[in-house]
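Results of the structural survey
Next come the chains, spelled out residue by residue.
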Amino acid sequence: MRPAALIFDVDGTLAETEELHRRAFNAAFKEAGLNWVWDCSSYGDFLRTTGGKERIAAYANSVGTKAIDISTLHRRKTEIYRAMMASTKLELRPGVKRLIDIAYKQSIRMAIATTTTRSNVDALIAATLGGRVENWFSSVRCGEDVTHKKPHPEVYERVLRDLSIPPDQCWAFEDSRMGLQAALAAGVPTVVTPSLYTQTDDFSGATLILRDLATPYSAVVSRGQAQLAAVPGPLLALL
Ligand code: XBP
Ligand code: MG
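Worth saying up front: this structure is predicted, and the values here are computed from it rather than measured.

1. A word on the pairing of strand β2 (residues 109-113)
- β2 sits mainly inside the fold: 4 of its 5 residues count as buried.
- Pairing of strand β1 (residues 5-8) with β2, which is carried by 4 bridges, proceeds in the parallel orientation. Bridging across to β2, isoleucine 7 finds its partner in alanine 111.
- Where β2 lies against strand β3 (residues 139-141), 3 bridges are found, and the strand directions are parallel. Note on β3: the bridge partner recorded for isoleucine 112 is valine 140.

Below is the structure:
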């Protein structure tokens, strides 16, 4: 069925941003005099705590550090992330730009449902699609807009309310189990493109699991389930 709206997650779905986030967290920790280093092998587990502030709080708790100002530390991480974004030639994942262009031409509405900080989204869109995020997406809901972050469906519920479109007429695009759970709990059928840190997540319930949005016949195996999908051609020009 032709969708009435496309709802995109940001980190891992529009672009492979998590390495930039990880480096920004580490730089902020160093500046603050903390001897914390989040390496690649642990960061996948840390991502199960969605939201940067929540992730810092969970880590501080796990290592028994009490006296830190999480808001200030996270604000600095966000500044560093934005500076890194400006100096890195980050690209959208394969097929994303084409899909957005097709949806734009066909007047299919587009939205963003993310746990990340709004200014990170502004920076990513300016660096990749160009211009302001509102030029492309008619609803943009971020970490600041919700009380409960993914896997809670709140961010999707807010987007659906903005769009006034029933969930089953939308398609969500996610890269992680946490994101998939949020979209499904809001009733939105979901296409998953696993990213760097989510290759082994369990994507039960996804409508499609694809290597990316450009590659047809992409077989993706996640926790024992394999799907061979022939769809892309950016999602067969939205059917
Ligand atoms: C992924 C996240 C974010 C980022 C860090 O968000 O969980 O927390 O890792 O961003 P999504 P902040 O996949 O929903 O876009 O530090 O700004 O939270
Ligand atoms: Mg994501």
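2. Quick word on the coordination of the magnesium ion (ligand 2)
- Of the protein atoms, only Asp9 (OD), Asp11 (O) and Asp175 (OD) coordinate the magnesium ion (ligand 2), at distances of 2.2 Å.
- Donor residues for the magnesium ion (ligand 2) sit on one chain with the sequence pattern D-x1-D-x163-D. A residue pair is termed long-range when its members are at least 10 positions apart, and aspartate 11 in the loop between β1 and α1 (18-31) and aspartate 175 in the loop between β4 (170-174) and α9 (177-185) qualify at 164 residues.
- Judged by its relative accessible area of 12%, aspartate 11 is buried.

3. A few points about the nonpolar core
- Counting 49 residues, the largest nonpolar core has Leu6, Phe8, Leu14 and Phe137 as the members making the most contacts within it.
- Residues from two domains meet in this core; each of domain 1 (5-16 + 91-238) and domain 2 (18-87) gives at least three.
- With 17 residues, the next largest nonpolar core counts Val146, Val155, Ile165 and Val188 among its residues.

4. Considerations on the domain arrangement of the protein
- Domain annotation for the protein reports domain 1 (5-16 + 91-238) and domain 2 (18-87).
- The centre of domain 1, based on its C-alpha atoms, is set 24 Å off from the matching centre of domain 2.
- Listed by partner, the interface residues are 17 residues for domain 1 and 18 residues for domain 2.
- With both sides pooled, the region where domain 1 packs onto domain 2 buries about 1,400 Å², and carbon together with sulfur makes up 55% of that total.
- On the domain 1 side of the interface with domain 2, the three residues burying the most area are Asn120, Lys149 and Tyr197, jointly 41% of the side's total.
- Where domain 1 touches domain 2, the interface holds 2 salt bridges.
- The interface formed by domain 1 and domain 2 includes 5 residue pairs in polar contact (both at pLDDT 80 or more).
- Considering each element in turn, the side of domain 1 that touches domain 2 owes the most residues, 6 residues, to helix α6 (residues 118-128).
- Partitioning the side of domain 1 that touches domain 2 into residue classes produces 6 nonpolar, 5 polar and 6 charged.

5. Some points on the pattern of salt bridges
- The final tally for this structure, using the stated rule, is 13 salt bridges.
- Between glutamate 54 and lysine 149 there is a salt bridge whose closest N-O contact spans 3.1 Å. On the criterion of sequence distance, the pair formed by glutamate 54 in helix α3 (residues 52-62) and lysine 149 in the loop between β3 and α8 (154-163) is long-range, its members being 95 residues apart.
- Judged by relative accessible area, lysine 149 falls into the buried class, the value being 19%.
- For arginine 132, the salt bridge is made with glutamate 134, and the minimal N-O distance between the two is 3.3 Å.
- By relative accessible area, which is 56% here, arginine 132 ends up exposed.
- Given a relative accessible area of 42%, glutamate 134 falls into the partly exposed group.
- Overlapping salt bridges, with partners in common, bring together Arg118, Arg141, Asp145 and Asp162 in one network.

6. Focus on the site of ligand 1
- Around ligand 1 lies a shell of 19 residues, among which Gly52, His74, Thr114, Thr115 and Thr117 are the nearest.
- Within the side chain of aspartate 9, an N or O atom sits 2.8 Å from an oxygen atom of ligand 1.
- Here an oxygen atom of ligand 1 and a side-chain polar atom of lysine 150 are 3.2 Å apart.
- For ligand 1, whose accessible area on its own is 450 Å², the fraction buried by protein is 96%.
- Per-element tally for the shell around ligand 1: the top contributor is α1, with 3 residues.
- Partitioning the shell around ligand 1 into residue classes produces 3 nonpolar, 10 polar and 6 charged.
- Mapped onto the domain boundaries, the shell around ligand 1 takes at least three residues apiece from domain 1 (5-16 + 91-238) and domain 2 (18-87).

Reading the values: rules and limits
Residues numbered from 1 in each chain as written. Chains lettered and ligands numbered in written order. Predicted model: local features only at pLDDT ≥ 70, side-chain atom pairs only at ≥ 80, totals over all residues. Heavy atoms only, no water. Buried < 20%, exposed > 50% of the residue type's maximum accessible area, 1.4 Å probe, protein only. Helix = DSSP H or I, 4+ residues; strand = E, 2+ residues; numbered from the N terminus. Pairing = 2+ DSSP bridges. Donors = N, O, S within 2.8 Å, 3.2 Å for Na, K, Ca; no water. Core = buried A, V, L, I, M, F, W, Y, C linked by side-chain atoms within 4.5 Å. Domains from an automatic or database assignment. Contact = heavy atoms within 4.5 Å. Buried area = accessible area lost by both parts, 1.4 Å probe. Salt bridge = Lys/Arg side-chain N within 4 Å of Asp/Glu carboxyl O. Polar contact = N/O pair within 3.5 Å; in protein donor to acceptor, adjacent residues only side chain to side chain. Nonpolar A, V, L, I, M, F, W, Y, C, P; charged D, E, K, R; others polar. Near = heavy atom within 4 Å. Areas by Shrake-Rupley, 256 points an atom, 1.4 Å probe, with all protein chains shown as cover.

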